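Structural description and commentary
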Amino acid sequence: MSWPSNILTEIHIFGSRSTSIRGDKMYAVWVAALLLMTTICPIWADRPVVVYAQQGGSIQLPTIEKTKAGDYMTWYFGIKENNITVEVYNKHGLGQISTNNVWKDRISVSDQNDSLIISKVTALEFGFFRYEQKNRQNTVNIVYKLYKVTLTSPSTVLRGEALTLNCNVEKSHVSTTITWIPPETVDNTQRRISNSQSLLITNLSWRDKGVWTCLVKYNEATTKATTTIHVVDLLPTPSEPIYTSTASSLSLPCSISSPVGWGEVLGKGLQKGGWTFLPAALGSKEPGQIASLSLNSTPRWDIMPKGMDGSALEKGHKGNDLSLRMKLVTVADRGNYTCALNFQKVKLERTVRVEVLQVVARPSQRAIEGQQLNLTCTLGYSLDPESELEVKWTPPKAVSLAALASTPHPHTLSVEASVGHSGRWKCELRRRNETLTSADVSLKIEKLPVDVWLWVGIASTGLIVILLIFIARALIKRRRQRTQRRKTRFCCCKNPKPQKGFYRT
């Protein structure tokens, strides 16, 4: 048989969904046995069936089976056992249904067996219920006594504190067994299960936040009473670094584990709060303050550097979101960011590591055709092969990556620039086929301009002309020197002495 999924507390007579009833037949056997006892044994006939519920929770009062056509079915309620006269729900033999207006929005009847389902049980409803079924042959009556289970609602607690939960079961003539069930976030190795009405929880953390259940068992029937624990702690940050890229935006996560009011946080002795940043650059040893928390009734970040946005604290639910947002990431933002809340008794801290991916083109993003370019995809350091991090390049459509890369995932590409290499070069940082982040660079490759060739031609022509002039002058000078060596010269004295004949100089 199936039960409504929205029931918080289910009470069954000698059977319960939480104890894994083995089919409709087994359920019918238990109820039939009860009716047999009420018929054979007058002592048992006068004793109501005990059921438990938590105020504000839900219950289901079971019956034998669904009424047949022509049967009359009525549910009654009364504060005293001898005065169960208030009609809650009635089904006429001809099919008409009537519901008490006071209960109308909170009761329903199961389609399987006409069990009465009551949601949001109030304090006035912990009394007696009676089920009556009539047909031509006989009349069946079952009386139920609804007892209260109270689970203390704890106040908000701070990480590291201790808390005691009490599951109080209203006294009756039957004995009960109590079992505690923690939230799913509690480690299986630390599941705090006790058979006592009181449960001590020590050294509370964010894992202990959530719904704790007190399971009350009587014979085969069980009842669940629940309470929610709010723990003022910081939720854990990602164990792996946050990967982003230059020119992107980024959120630095930090939030209080439970949705408590800001006044409750201040009431736990909050003294100060803030964000600090330790850059990844070499030589950085001391973290610097980048944001401090205003301890007014309305939470607000006082942010030092520009480009940070702390409005999530003011816009978020009850001031629990302590995250910061970076509007434009640069390589200078690589490093560790720490979110901290300082209380009188404890300091809460969470650290986020930020890795920034960048694509660098050397010597420049603009180049002339034929120039050698190196494209490097980097986080600022060499990737460790054991980290399973790798890069994947996506060049412009006209470029074949296989012709450029000697290995499948190189960090650096060497490109002999051509006009076809112009466009967007994308680099993805991947781990086990999962893309963590990506960065890109746009190359602009140009041919040598025509005016440059013109000036090169003019300059070359000028150089050639100058060279020819020097060569011509050198040749002329050399020729003159040769001519002068061949010429014969004669000398006449101013006062020549007479001599006989002629002589050669």
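Reference entry: report on the structure contained in this document. (Residues numbered from 1 in each chain as written. Predicted model: local features only at pLDDT ≥ 70, side-chain atom pairs only at ≥ 80, totals over all residues. Heavy atoms only, no water.)

Some remarks on the state of the cysteines
Tallied over the entire structure, the rule returns three disulfides. What pairs with Cys167 in a disulfide is Cys214, and their sulfur atoms sit 1.9 Å apart. Of note, the bridge from Cys167 to Cys214 carries an S-S torsion of about -75 degrees and is left-handed in sense. Note that Cys167 is positioned in strand E11 (residues 163–169) and Cys214 in strand E14 (residues 210–218), a separation of 47 residues in sequence. On the basis of relative accessibility, which here comes to 0%, the residue Cys167 falls in the buried class. Here Cys377 pairs with Cys427 through a disulfide, and the sulfurs are 1.9 Å apart. Its torsion about the S-S bond being -85 degrees, the disulfide of Cys377 and Cys427 is classed as left-handed. Remark: Cys427 occurs in strand E30 (residues 423–431) and Cys377 occurs in strand E27 (residues 372–378); sequence separation between them is 50 residues. Given a relative accessible area of 5%, Cys377 falls into the buried group. By relative accessible area, which is 0% here, Cys427 ends up buried. (Disulfide = S-S within 2.5 Å. Helix = DSSP H or I, 4+ residues; strand = E, 2+ residues; numbered from the N terminus. Buried < 20%, exposed > 50% of the residue type's maximum accessible area, 1.4 Å probe, protein only.)

Here we look at unusual backbone geometry
Backbone torsion omega between Arg362 and Pro363 reads 5 degrees, so that peptide bond is classified as cis. Located in the positive-phi region is Ala247, a residue other than glycine, with phi close to 70 degrees. Tracing the backbone through its elements, the reader meets Ala247 in the loop between strand E17 (242–245) and strand E18 (250–252). Its relative accessible area of 60% is what places Ala247 among the exposed residues.

Points about the side chain of Thr213
When you line up the elements, Thr213 lands in strand E14. According to the relative accessible area criterion, Thr213 is buried, its value standing at 11%. Contacts of Thr213, omitting those with residues within four sequence positions, involve Thr179, Trp180, Ile181, Lys224, Ala225 and Thr226. (Contact = heavy atoms within 4.5 Å.)

Topic: the sheet that holds strand E6 (residues 107–109)
Within a sheet, each strand pairs with its neighbour through backbone hydrogen bonds, oriented either parallel or antiparallel. Spatial strand order, E2-E7-E6: three strands in an open sheet with antiparallel pairing. Two strands lie at the open edges of the sheet, namely strand E2 (59–61) and E6, each paired on one side alone. Mean inter-strand twist for the sheet, computed between neighbouring axes without regard to direction, equals 20 degrees. Sheet topology places E6 next to strand E7 (residues 116–118); three bridges connect them, and they run antiparallel. Bridge pairing in E7 places Val109 opposite Leu116. (Pairing = 2+ DSSP bridges. Axes fitted to C-alpha atoms, helices over the stretch in contact; angles between N-to-C directions.)

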